[in-house]
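# Structural features, examined
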Amino acid sequence: MSPMLASLPIIFFFGAGPDDAAGTWRQFRGPSGAAVAVGNKVLPTEIGPTQYVVWKTPLPKGHSSPIVDGDRIFLTAIVDKKLLTIGVDRATGKEIWRSEAPHKTLEKVHAVGTPAQATAATDGRRVVAFFGSAGLFCYDRDGKEQWRVPMGPFKTEFGAASSPLLVDGRVILNQDFDGDSNLTVYDVNTGKPVWKIDRAGFGVGYATPVIWNVAGKKQIVQAGTLRIIGYDFDTGKEIWAAQGLARISNMTPTIGPDNILYIASWAPGADPGELVVVPSFDESLEKHDANKNGVLEGSEIPAGPVKDRLPQFDANRDGHVDRAEWESMRRIFATAKNRMIAIRPGGTGDITKTHVLWEQTKQLPYVPSPLLYNDLIFMVKNGGFVSALDPKSGKAVKFDRIQAGGNYYSSPVGGDGKVFLLSQQGELTVLSARPDWEVLHTADFGEEIFATPAVIDGRIYLRTAKHLYCFGEK
């Protein structure tokens, strides 16, 4: 087969047509960040590398999830150190355009990460892509650059992954790193900042914000280190805060049909029996300050939980940890709580004791966001542990382990009475979305999967390490 033919999508004509392009999935986890299928069409259960494939097309490396608007699909990728935003034809899978985001250097990312981690956002006319220290880029629907906002370099060992939102002409981007954390809103027409909020005190985190409509006004809800905050959409003013989250927040909040907000956060070192206790700076200095310079160098810190997280302690990256840096992280470790909470709307100020309805502390994921679907909350954590919770009480309805173990980065999605789970190792598990859920189907794609699928109008758009699939009933 010639290289040109090898690069073309494999198309199986199962009736994809103009009416299949009715819905939209314009941001990470789709409308409202809910990860629930758009439309009421039947979704195939037994999908796999060769089952119910409408089309399959090669795709460059990247962890961002597909977004869909009209007849287009948009994603980001990296090829030979080139950061790309790609437009794909929704009906055929054929690549229509790719635009490069210029950069000086690529920032460090996690061992399993890529510089193309954040999911793009669109309003149907423009596409916004975020590439960490390379910056924020806006393109028109056909890939022509409209503006760019250079950024960084950021103080992070794992790269950037929080995805932008595009709402009412505003681009919303949260960036929580080990320094200079901020929430900024940009004008989508110009790329100029509308407002910017300093989030000093929030360490590294990757949760994407959600929009919460309360009493007729929009709030930007952002989870982070130890707490979750609701900001006024128009001004950025802090409206409320709830304390008691983990030291790192990766999961995106979700909002129920009754307007209850749910947020989960988990990080190593805060579960009962596994608590990380950081000694005082004075105690550590007395034991380990070999050169007596009043700070702790990386080489002086003994092996253990602090050494393992040295970049987070050394917030300014100057090669040593001073008293303020040490005690700040010590306070975070002492205060952090791994838990999921439900929050009722309408609060102002510190609402921890007034508006938190319940908490759940068991079987919490690290990265995949919870799915609220069919009046149940579904969660999957590393190892293939699946929980279904009652959203009214937070109590577990069913907890069990599925065959597909390993790690999970892709968030669950729901539709047509089913829940779709995808492990990093490329294993798919389809569950019935019922209190007594059961496994309906499994498949192995033979490629790693980090992205969250888009589910629209009877089609499932799934990104693997090397391909983009479209699944649908024949």
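Because the structure is a prediction, the values reported are computed rather than measured.

Counting secondary structure elements, the protein chain contains 5 helices and 37 strands. Against the compact-globule benchmark of 23 Å for 474 residues, the protein chain has a radius of gyration of 22 Å, which places it among compact chains. Dimensions of the protein chain, computed from C-alpha atoms along their principal axes, come out at roughly 70 × 50 × 45 Å. By the burial criterion, 58% of the 474 residues in the protein chain qualify as buried. Excluding contacts between residues fewer than 6 apart, the proportion of contacts in the protein chain whose partners are at least 24 apart in sequence is 55%. With 52 positive and 53 negative side-chain charges, the protein chain shows a separation of 2 Å between the mean positions of the two kinds.

Turning our eyes to something else, we now look at the sheet that holds strand E20 (residues 254-255). Taken in spatial order, the 4 strands make up an open sheet running E20-E21-E24-E26, and their pairing is antiparallel. Every interior strand has two partners, whereas the edge strands, E20 and strand E26 (356-360), have only one. Bridging between strand E21 (residues 261-265) and strand E24 (residues 339-343) involves 5 bridges; their strand directions are antiparallel. By the bridge assignment, Ala-264 is partnered in E24 with Met-340.

Looking at helix H2 (residues 281-288), one finds that the buried residues are Phe-281, Ser-284 and Leu-285. Projected down its long axis, H2 carries its buried residues within an arc of 100°, all on one side. Set apart from the buried face of H2 by more than 90 degrees, the exposed residues are Glu-286 and Lys-287. Tucked into the core, H2 has its buried residues touching strand E22 (296-297), strand E23 (320-321) and helix H5 (323-335).

Its identity as a non-glycine residue notwithstanding, Asp-80 has a phi of 50°, on the positive side. Following the sequence through the fold, Asp-80 ends up in the loop between strand E5 (72-79) and strand E6 (82-89). Positive phi, close to 55°, is recorded for Arg-317, a residue that is not glycine. With respect to the element layout, Arg-317 can be found in the loop between helix H4 (310-313) and E23.

On to the environment of Arg-126, then. Inspection of the secondary structure puts Arg-126 in strand E9 (residues 126-130). Residues Arg-126 and Asn-189, spaced 63 residues apart in sequence, show a C-alpha to C-alpha distance of 9.0 Å. Within the local environment of Arg-126, its side chain forms a polar contact with the side chain of Asn-189, the two groups lying 2.6 Å apart.

Attention now goes to the confidence of the model for the protein chain. When the pLDDT values of the protein chain are averaged, the result is 92; 95% of them are 70 or greater. Here residues 1-21 scores under 50 on pLDDT; set against residues more than four positions off or in separate chains, the count is 40 contacts.

Helix-helix packing is characterised by the crossing angle of the two axes and by the distance between the axes. Relative orientation of the contacting elements H2 and H5 amounts to 125°, with a least axis distance of 10 Å. Looking at the two axes, H2 sits oblique to H5. Mapping the contact onto sequence places Phe-281, Asp-282 and Ser-284 in H2 and Arg-323, Trp-326 and Glu-327 in H5. A class-by-class count of the residues in the contact of H2 with H5 yields 2 nonpolar, 1 polar and 3 charged.

Further remarks concern the layout of surface pockets. Using a probe with the size of a water molecule, rolled over the atoms, empty space left in the structure can be pinpointed. Of the voids in this model, the largest pocket is the one considered here, and its volume is about 920 Å³. Lining of the largest pocket is provided by 37 residues; of these, His-110, Tyr-206, Asn-250, Val-367 and Tyr-409 occupy positions nearest its centre. Of the residues in the lining of the largest pocket, the class split is 15 nonpolar, 17 polar and 5 charged.

Going through the model one piece at a time under the given rule, you end up with 16 aromatic pairs. Consider the rings of Phe-385 and Phe-399, whose centres lie 5.9 Å apart with planes at 10°: the pair is stacked. With Phe-385 in strand E29 (residues 385-389) and Phe-399 in strand E30 (residues 396-401), this residue pair connects regions lying 14 residues apart in the sequence. Phe-385 sits in the partly exposed class, given a relative accessible area of 24%. You can call Phe-399 partly exposed: its relative accessible area is 36%.

Okay, H5 next. Because an α-helix packs 3.6 residues into every turn, residues spaced three or four apart end up facing the same way. Spanning 13 residues, H5 covers 18 Å between terminal C-alpha atoms, matching the ideal 18 Å at 1.5 Å per step. Among the residues of H5, those classed as buried are Glu-325, Trp-326, Met-329, Ile-332 and Phe-333. Projected down its long axis, H5 carries its buried residues within an arc of 130°, all on one side. Exposed residues pointing more than 90 degrees away from the buried face of H5 are listed as Ala-324 and Ala-334. Those residues of H5 that are buried lie in contact with H2, E22, helix H3 (305-308), H4 and E23. Its side-chain oxygen at 3.2 Å from the backbone nitrogen of Ala-324, Asp-322 defines the N-terminal cap of H5.

Let's shift gears to the sheet that holds E9. Pairing is antiparallel across the open sheet formed by 4 strands, whose spatial order is E8-E9-E10-E11. Edge positions in the open sheet fall to strand E8 (121-122) and strand E11 (145-149), since each of these has one partner strand only. Summarising the sheet, E9 and strand E10 (residues 136-140) pair through 5 bridges and their orientation is antiparallel. Considered in E10, the bridge of Val-127 is made with Tyr-139.

Evaluated as defined, the whole model comprises 4 cavities of 30 Å³ or more. Quantified by volume, the largest cavity comes out at close to 50 Å³. If you trace the largest cavity, you find it lined by Leu-83, Thr-105, Leu-106, Glu-107, Pro-115, Phe-131, Gly-132, Ser-133 and Ala-134. For the lining of the largest cavity, a count of residues per class yields 5 nonpolar, 3 polar and 1 charged.

Cut-offs and rules
- Residues numbered from 1 in each chain as written.
- Predicted model: local features only at pLDDT ≥ 70, side-chain atom pairs only at ≥ 80, totals over all residues.
- Heavy atoms only, no water.
- Helix = DSSP H or I, 4+ residues; strand = E, 2+ residues; numbered from the N terminus.
- Rg over C-alpha atoms; globule rule 2.2 N^0.38 Å.
- Buried < 20%, exposed > 50% of the residue type's maximum accessible area, 1.4 Å probe, protein only.
- Contact = heavy atoms within 4.5 Å.
- Lys, Arg positive; Asp, Glu negative; His and termini not counted.
- Charge placed at Lys NZ, Arg CZ, Asp CG, Glu CD.
- Pairing = 2+ DSSP bridges.
- Arc of directions from axis to C-beta.
- Polar contact = N/O pair within 3.5 Å; in protein donor to acceptor, adjacent residues only side chain to side chain.
- pLDDT = per-residue confidence, 0-100.
- Axes fitted to C-alpha atoms, helices over the stretch in contact; angles between N-to-C directions.
- Parallel < 35°, antiparallel > 145°, perpendicular 65-115°, else oblique.
- Nonpolar A, V, L, I, M, F, W, Y, C, P; charged D, E, K, R; others polar.
- 1 Å grid on protein atoms, 1.4 Å probe; cavity = no way out; pocket = protein on both sides within 12 Å on 5 of 7 lines; lining within 4 Å.
- Points joined across faces, edges and corners; volume = space filled by probe spheres on them.
- Phe/Tyr/Trp six-rings, centres within 6.5 Å; stacked < 30°, edge-to-face > 60°.
- Expected span 1.5 Å × (residues − 1).

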